[in-house]
Amino acid sequence: MRYFIHIGYHGTKYSGWQKHPGVLNVQEVLETTLSGLLKTPIYISGCGRTDAQVHASQFFFHMDVEQEWDFDLFFRLNKILPDDIAVFDIIPMEGLPHARFDAIQRSYDYFIHTYKDPFLSEFSALYLEKNWDLDKMKAAVALLPLYNDYRGFCKSPDRNDHTICNVTSAALFTDAQSDKLRFQISANRFLSKMIRIIMGRLLDIGRGKMSVDEFESHLISKETPAIIIPAYPQGLYLSKVTYPYLDLAPRSTFALLKDEYSWLAV
């Protein structure tokens, strides 16, 4: 029987989702916990990968079990898992749907605050700058859905079979005081560090260090620059994953960051 597990996690302590030896990662914590509870080795497949310190207010993985458990797995998982990983739903699936390959859209949000705040430091990226040129940043954001080859926004493009990403929407928001920024982007897939690289260049545009034409040239030429400086990881989180057969609202309180302030479209 295949199950989809709907979770959220605070990624600050983790070296990302993907299992790697010698480092703390979300996948291994879940596999170890599930294997202990179900008394059999459990291997899981996630809907994607997140970088170290990146969060997910919505994430899905699937697992296969030969025999259904006879206890409250939902309760026990949430009791045993660390506070920074939460299980929201355990969903039995028909057939063998795949948490990664079947996803048709993923959405990410990136948050920036421009003043020091100890309660935002792990959930939003601190850039002690103001007076961003929001009009030029908006013009660059509007270009993103017009192109689909993001080779110029990937640190290691040759590791991928292709660098085509169909961006369906991209938007920039600010709050009423103009001291916070939020970038939101949705696509069928994303490349490694792609969003943080995009965000880093948008910040350069906002500072006047890059023109909108230069930004577009990376989309047109498909060449990876020699120097790439991604934005900080802690401002980024995976906020929505959609399947043809499954479309759930995020359950994490962290997702409320999107509505906690009066975000205004730039």
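Note that the structure is a prediction, hence the values are computed from the model and not measured.

Rules of the game
As a convention, each chain's residues are numbered from 1 in the sequence order in which they are written. Where totals are concerned, whole chains, interfaces and linings use all residues; where local detail is concerned, this predicted model gives features only for residues with pLDDT of at least 70, and gives and counts side-chain atom pairs only at 80 or more. Remark: hydrogens and water are excluded; side-chain values derive from all non-hydrogen atoms of the structure. Numbering of helices and strands runs from the N terminus; a helix is a DSSP stretch of H or I covering at least four residues, while a strand is a stretch of E covering at least two. Contacts between residues were defined by any pair of non-hydrogen atoms, one from each residue, lying within 4.5 Å. Note on aromatic pairs: the rings of Phe, Tyr and Trp (six-membered ring only in Trp) are paired at centre separations within 6.5 Å, and the planes decide the class, stacked below 30 degrees, edge-to-face beyond 60, tilted for the rest. Each residue's exposure class comes from its accessible area (1.4 Å probe, protein chains only) as a fraction of the maximum for that residue type: buried when under 20%, exposed when over 50%, partly exposed otherwise. Ring-over charges, as used throughout, are those where CZ of Arg or NZ of Lys falls within 6 Å of the ring centre and within 35 degrees of the ring normal. Cysteine sulfur atoms that pair up within 2.5 Å are treated as a disulfide. Points on a 1 Å grid, built from protein atoms alone, make a cavity when a 1.4 Å probe fits but cannot get out and make a pocket when they are open with protein on both sides within 12 Å along at least 5 of 7 lines; residues with an atom within 4 Å of a point are the lining residues. Grid points are joined across faces, edges and corners, and a volume is the space filled by probe spheres set on the points. All residues other than Ala, Val, Leu, Ile, Met, Phe, Trp, Tyr, Cys, Pro, Asp, Glu, Lys and Arg, Gly among them, are scored as polar; the first ten of these are nonpolar and the last four charged. A pair of strands is considered paired only if DSSP assigns at least 2 bridges between the two. Only buried residues count toward a nonpolar core. Its members are Ala, Val, Leu, Ile, Met, Phe, Trp, Tyr and Cys residues joined through side-chain atoms within 4.5 Å. To get an axis, a line is fitted to the C-alpha atoms, and for a helix only the part in contact is used. The angle between two axes follows their N-to-C directions and goes from 0 to 180 degrees. Handedness of a crossing is defined here by the sense of rotation of the near helix relative to the far one, left-handed for an anticlockwise turn of less than a right angle and right-handed for a clockwise turn.

Observations concerning the environment of valine 87
Thinking step 1. Relative to the assigned elements, valine 87 resides in strand E4 (residues 85-93).
Thinking step 2. Taking the C-alpha atoms as reference points, valine 87 and phenylalanine 59, separated by 28 residues in sequence, lie 9.6 Å from one another.
Thinking step 3. Apart from residues lying up to four places away in sequence, valine 87 is in contact with Ile5, His6, Ile7, Phe74, Leu77, Asn78 and Leu81.

Some remarks on the packing of aromatic side chains
Thinking step 1. Taken as a whole, this structure holds 15 aromatic pairs when the rule is applied.
Thinking step 2. Relative to tyrosine 245, the ring of tyrosine 243 lies with its centre 5.6 Å away and its plane at 20°, an arrangement referred to as stacked.
Thinking step 3. Residue classification places tyrosine 245 among the partly exposed residues on the basis of a relative accessible area of 37%.
Thinking step 4. Counting every residue linked through ring pairs, the aromatic cluster contains Phe4, Phe60, Tyr243 and Tyr245.
Thinking step 5. Arginine 182 extends its terminal NZ or CZ atom over the ring of phenylalanine 173, reaching a point 4.5 Å from the ring centre.
Thinking step 6. Note that arginine 201 overlies the ring of phenylalanine 153, its terminal NZ or CZ placed 4.4 Å from the centroid.

Description of the state of the cysteines
Thinking step 1. A complete count under the given rule lists 0 disulfides for this structure.
Thinking step 2. Considering cysteine sulfurs only, cysteine 165 is the nearest to cysteine 154, which forms no disulfide, with 8.3 Å between them.

Examining the layout of surface pockets
Thinking step 1. One number sums up the size of the largest pocket: a volume of about 1,200 Å³.
Thinking step 2. Taken together, 38 residues form the lining of the largest pocket, with Arg49, Arg100, Phe190, Leu191 and Ser192 sitting closest to its centre.
Thinking step 3. Counting only elements with at least two residues in the lining of the largest pocket, the list comes to strand E2 (44-46), strand E5 (105-113), helix H4 (194-207) and strand E9 (236-242).
Thinking step 4. Residue composition of the lining of the largest pocket, by class: 14 nonpolar, 14 polar and 10 charged.

Some words on the pairing of strand E7 (residues 167-174)
Thinking step 1. In this structure, E7 lies alongside strand E8 (residues 180-187), joined through 7 bridges in antiparallel fashion. Note that in E8 the partner of threonine 174 across the bridge is leucine 181.
Thinking step 2. Bridge count between E7 and strand E10 (residues 264-265): 2 bridges; the pairing is antiparallel. Pairing of threonine 174 across the sheet is with leucine 264, part of E10.

A closer look at the nonpolar core
Thinking step 1. Counting residues in each nonpolar core, the largest one holds 76 residues, and the members touching the most others are Met63, Tyr150, Phe183, Ile198, Leu202 and Phe215.
Thinking step 2. A total of 8 residues in this core trace back to one element, the largest contributor, which is H4.
Thinking step 3. In contact with methionine 63, not counting residues within four places along its chain, are Met1, Arg2, Tyr3, Ile5, Leu34, Leu38, Ile42, Tyr43, Ile44, Trp69 and Leu73.

Observations regarding the environment of leucine 203
Thinking step 1. Topologically, leucine 203 is positioned in helix H4.
Thinking step 2. Taking relative accessible area as the criterion, leucine 203 reaches 1% and is therefore assigned buried.
Thinking step 3. Distance in space between the C-alpha atoms of leucine 203 and leucine 134 is 9.6 Å, their sequence separation being 69 residues.
Thinking step 4. Leaving out residues up to four positions away in the same chain, leucine 203 has contacts with Ile112, Tyr127, Trp132 and Met137.

Things to note about unusual backbone geometry
Thinking step 1. With a phi close to 60°, lysine 39 is a non-glycine residue in the positive phi region.
Thinking step 2. Considering the arrangement of structural elements, one finds lysine 39 in the loop between helix H1 (26-38) and E2.
Thinking step 3. Despite not being glycine, serine 178 shows a phi value in the positive range, around 60°.
Thinking step 4. Position of serine 178 among the secondary structure elements: in the loop between E7 and E8.

A word on the packing of helix H3 (residues 134-143) against H4
Between two packed helices, the angle of one axis relative to the other and the distance separating the axes together describe the packing.
Thinking step 1. Packing of H3 against H4 leaves a shortest axis separation of 8 Å and a crossing angle of 145°. Considering how the two elements wind past one another, H3 and H4 form a crossing that is right-handed. Every residue of H4 that contacts H3 at Lys136, Met137, Ala140 and Val141 is listed here: Met199, Leu202, Leu203, Ile205 and Gly206.
Thinking step 2. Tallied by class, residues from the contact of H3 with H4 come to 7 nonpolar, 1 polar and 1 charged.

Interpretation in functional terms is not warranted from these geometric data alone.
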